[in-house]
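# Breakdown of the fold
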Amino acid sequence: MSSFFPEDACSLVKKHLSLNLHTALEHLKTDSGYTLAKAIHSGIKNPDSSIGIYAGDAQSYQTFSKIFDPIISDYHGFKKGQKHASDITELDLAVIDPQKKYIKSTRIRVARNLKGFCFPAHILLPHRRELEKKIKNALSQLKGDLSGNYFPFESLDEKQFQQLKTEPLCFEKGDRFQDAAGINSDFPKCRGVFHSFDKQFVVWVNEEDHLRIISLEKTSDISSVFNRLCRALLALNRHLDFAQDKRYGYLTSCPTNIGTGMRAGVHIHLEKLEQKKELLYDIAKGFHLQIRGTFGEKTKVENAVFDISNCQRLGISESKIVKNLHAGLLAIIAAEKSL
Ligand code: DAR
């Protein structure tokens, strides 16, 4: 157990970074100058980190593979020799809750970073500016229901920013974990949000990753939300080159998001199961689903509205994630109805 971390730290990086391994890695740097000290700073500063390490560029996963590999295997259950394979084939699943008795909204996002640029924890302002320009140009080529406008934070006044936040289309400055990793450098410069005119397609630029590509609806029509995202990814792939690894798939700032980079989830009202949480958690576990608070990661459940989404991101395809979510939600709603 490494002594670089506070006594009460319980992160995966503390679990896997032995003193010998730290000595072996501490003098290494990626071509862009990213070091182990930078990578683990967040986990040292925040003892309650669950992971505690971020990548500063795609090369981090090779240069520091001796610490990233065991964390990835531990978190994702990814076996030696396993290779990730993406699949964004559109789906035609039954609408689970057409009366919206339970499911209030569906949101599916993927995280992507552009090849050839440092990730948000390590990128310099001029490169952030160049990256934003590249992404803005690609977004301006979107057609049909994906077309919309880009709103750079630097040009928004407080009223416009609040308006975007109420939608909720906007993101805020990164949390203390991201801050300690350097992800908030130069905020709000070169940050912005794109949304389609119908506000069902959103792209965050320069948040925890270069892009968070989001499809959302105030419905339970999971196929429609997923298919919109598939169309958007195919369109953006014509203009942008994403950082990928032949084993780990799409590469992201946080190792929890590699592979598909996908989080597919719903906001669901479960009055009865709120009183029988152990049953809800049991069913969710069986479909590799995770339960978050109403407003996402590290928040509380309010008014019996749960955020339920996939756990697995790596070693499973995008369409399989969505099918698992669909099947899990059918089982959860059946349990809610039976109580
Ligand atoms: N808070 C960091 C990262 C956890 C995963 N969530 C992300 N990447 N948003 C931690 O180590 O707990």
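In this report, the structure presented in the accompanying data block is examined.

### Remarks on the overall build of the protein
Counting secondary structure elements, the protein contains eleven helices and ten strands. Its C-alpha radius of gyration of 20 Å places the protein within 12% of the 20 Å reference for a compact globule of 339 residues. Counting only C-alpha atoms, the protein reaches 60 × 45 × 40 Å along its principal axes. When burial is assessed residue by residue, the protein has 53% of its 339 residues classed as buried. Residue pairs in contact within the protein that sit at least 24 positions apart in sequence constitute 72% of those at least 6 positions apart. As displayed, the protein has an accessible area near 15,400 Å², and 52% of this comes from carbon and sulfur atoms. Measuring between centres, the 48 positive side-chain charges of the protein sit 2 Å from its 40 negative side-chain charges.

### What about the sheet that holds strand β2 (residues 148-152)?
Here we have eight strands laid out as an open sheet, ordered β2-β3-β4-β5-β1-β8-β10-β9, and antiparallel in their pairing. Both outer strands of the open sheet, β2 and β9 (289-292), are each paired with one neighbouring strand and no more. Taken over all neighbouring pairs, the strand axes of this sheet differ in orientation by 20 degrees on average, direction set aside. The pairing of β2 with strand β3 (residues 192-196) spans five bridges and is classified as antiparallel. Residue pairing in the sheet places Phe151 in a bridge with Val193 of β3. Where helix α11 (residues 318-338) meets the sheet, it contacts β1 (103-112), β8 (262-269), β9 and β10 (305-310), and its direction lies at approximately 15 degrees from that of β8.

### A closer look at the site of the ligand
In the neighbourhood of the ligand, the contacting residues comprise Ser49, Ser50, Ile51, Gly52, Tyr54, Phe177, Glu208, Cys254, Thr256, Asn257, Glu297 and Lys298. The separation between an oxygen atom of the ligand and a polar main-chain atom of Ile51 is 2.9 Å. With respect to the ligand, the backbone of Gly52 contributes an N or O atom lying 2.9 Å from an oxygen atom. In the shell around the ligand, the residues fall into four nonpolar, five polar and three charged.

### A word on empty space enclosed by the protein
Here the structure, examined in full by the defined rule, presents two cavities of 30 Å³ or more. Volume-wise, the largest cavity comes out at about 40 Å³. Taken together, Phe171, Glu172, Lys173, Gly174, Gln178, Ile183, Asn184, Phe187, Arg191, Asn206 and Glu207 make up the full set of residues lining the largest cavity. In the lining of the second largest cavity, the residues fall into five nonpolar, four polar and no charged.

Rules used in this analysis
Residues numbered from 1 in each chain as written. Predicted model: local features only at pLDDT ≥ 70, side-chain atom pairs only at ≥ 80, totals over all residues. Heavy atoms only, no water. Helix = DSSP H or I, 4+ residues; strand = E, 2+ residues; numbered from the N terminus. Rg over C-alpha atoms; globule rule 2.2 N^0.38 Å. Buried < 20%, exposed > 50% of the residue type's maximum accessible area, 1.4 Å probe, protein only. Contact = heavy atoms within 4.5 Å. Areas by Shrake-Rupley, 256 points an atom, 1.4 Å probe, with all protein chains shown as cover. Lys, Arg positive; Asp, Glu negative; His and termini not counted. Charge placed at Lys NZ, Arg CZ, Asp CG, Glu CD. Pairing = 2+ DSSP bridges. Axes fitted to C-alpha atoms, helices over the stretch in contact; angles between N-to-C directions. Near = heavy atom within 4 Å. Polar contact = N/O pair within 3.5 Å; in protein donor to acceptor, adjacent residues only side chain to side chain. Nonpolar A, V, L, I, M, F, W, Y, C, P; charged D, E, K, R; others polar. 1 Å grid on protein atoms, 1.4 Å probe; cavity = no way out; pocket = protein on both sides within 12 Å on 5 of 7 lines; lining within 4 Å. Points joined across faces, edges and corners; volume = space filled by probe spheres on them.

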